[in-house]
Amino acid sequence: QVQLVESGGGLVQAGGSLRLSCAASGRPVSTIAMAWFRQAPGKEREFVAAIRESNGATRYADSVRGRFTISRDNTKNTVYLQMSSLKLEDTATYYCAARSYWTVAYTMAQNYATWGQGTQVTVSS
């Protein structure tokens with residue numbers, strides 16, 4: 001049973017940077033497909049980034065490509081989301097998610113079985 005705990009959220013000014021962490025337990029992160037989603041008030045949960053278990057290949061939403069980087073540290077069993085050039089519209093609760101294996105439908109939240117509790121990111125002007 002995989003369990004996920006996010007951390008690293010907070011208040012940051014527009015243009016700033018923040019790094020989110022997702023610590024996993026129960027299984028090595030190198031053996032599970034993992035992703036970050038976010039949800040703003042009144043909006044649906046949306047895909048942000050994903051990392052494939054087999055080769056560490058990454059995928060990004062168009063809205064964050066070039067600004068965000070997903071990575072993992074196998075020794076710490078943790079997945080990160082480095083966020084740079086933050087915009088007001090990046091304000092949301094960010095969730096870490098996991099599934100046993102990669103899927104072509106990696107952007108769909110319903111395809112992930114395990115979720116963390118979320119961490120709030122607020123970008124101010």
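Just so we're clear, the structure is a prediction, and the values are computed from it rather than from any experiment.

Cut-offs used in this document
Just so you know, the residues in each chain are numbered from 1, in the order the chain's sequence is written. Totals for whole chains, interfaces and linings use all residues, but because this is a predicted model, local features are given only for residues with pLDDT of at least 70 and pairs of side-chain atoms are given and counted only at 80 or more. In computing side-chain values, all of the structure's heavy atoms are included and hydrogens and water are not. Put simply, DSSP H or I for four residues or longer makes a helix, DSSP E for two residues or longer makes a strand, and each gets a number counted from the N terminus. In this treatment the radius of gyration is a C-alpha quantity, and the globule benchmark scales as 2.2 Å times the residue count to the 0.38 power. Exposed residues in this analysis have more than 50% of their type's maximum accessible area, buried residues have under 20%, and partly exposed residues fall in between, with area computed by a 1.4 Å probe over protein chains only. Every residue pair with non-hydrogen atoms within 4.5 Å of one another is taken to be in contact. Shrake-Rupley sampling with a 1.4 Å probe provides the accessible areas, and residues are treated as covered by the protein chains on show and by no other component. Neither His nor the chain termini are counted; the positive set is Lys and Arg, and the negative set is Asp and Glu. By convention, the point assigned to a charge is CZ for Arg, NZ for Lys, CD for Glu and CG for Asp. Here a polar contact means two N or O atoms within 3.5 Å. Within protein one must be a hydrogen donor candidate and the other an acceptor candidate, and residues neighboring in sequence count only if both atoms are side-chain atoms. Two aromatic rings from Phe, Tyr or Trp, using only the six-membered ring of Trp, form a pair when their centres are within 6.5 Å; if the ring planes differ by under 30 degrees the pair is stacked, by over 60 it is edge-to-face, and anything between is tilted. Placement of a charge over a ring requires the Lys NZ or Arg CZ to be within 6 Å of the ring centre, with the centre-to-atom vector within 35 degrees of the ring normal.

For the protein chain, the count of helices and strands is 0 helices and 11 strands. In sequence order, the secondary structure elements of the protein chain are arranged as β-β-β-β-β-β-β-β-β-β-β. Here the C-alpha radius of gyration of the protein chain, 13 Å, is about what a compact globule of 125 residues would show, namely 14 Å. Each principal axis of the C-alpha distribution contributes one length, and for the protein chain these read about 40 × 30 × 25 Å. Burial statistics for the protein chain: of 125 residues in total, 47% are counted as buried. By sequence separation, contacts in the protein chain at least 24 residues apart represent 59% of the contacts at least 6 residues apart. Total accessible area on the protein chain stands at roughly 6,300 Å², and carbon and sulfur atoms take up 47% of it. Of the side-chain charges in the protein chain, 13 are positive and 8 negative, and the distance between the mean point of each set is 5 Å.

What follows is about the side chain of Asn77. Here Asn77 shows up in the loop between β7 (68-73) and β8 (78-83). A relative accessible area of 16% means that Asn77 is categorised as buried. A distance of 3.0 Å separates a polar side-chain atom of Asn77 from the backbone oxygen of Ala24. The residues contacting Asn77, other than those within four sequence positions of it, are Cys22, Ala23, Ala24, Ser25, Arg27, Pro28 and Val29.

For the coordinates displayed, the defined rule picks out 7 aromatic pairs. Where Phe47 meets Tyr106, the ring centres are 5.4 Å apart and the plane angle is 65°; that geometry is what we call edge-to-face. With Phe47 in strand β5 (residues 46-51) and Tyr106 in the loop between β9 (92-99) and β10 (114-115), this residue pair connects regions lying 59 residues apart in the sequence. Look at Tyr112 and Trp115: their rings are 6.3 Å apart centre to centre, the planes differ by 70°, and that puts the pair in the edge-to-face class. Take Tyr112: its relative accessible area is 5%, and that puts it in the buried class. In textbook terms, an aromatic cluster arises when at least three aromatic residues are bridged by ring pairs, as seen for Phe37, Phe47, Tyr95, Trp102, Tyr106, Tyr112 and Trp115. Positioned over the ring face of Tyr95 is Arg45, at 3.8 Å from the centre of the ring. Over the aromatic face of Tyr101 sits the side chain of Arg99, whose NZ or CZ is 4.7 Å from the ring centroid.

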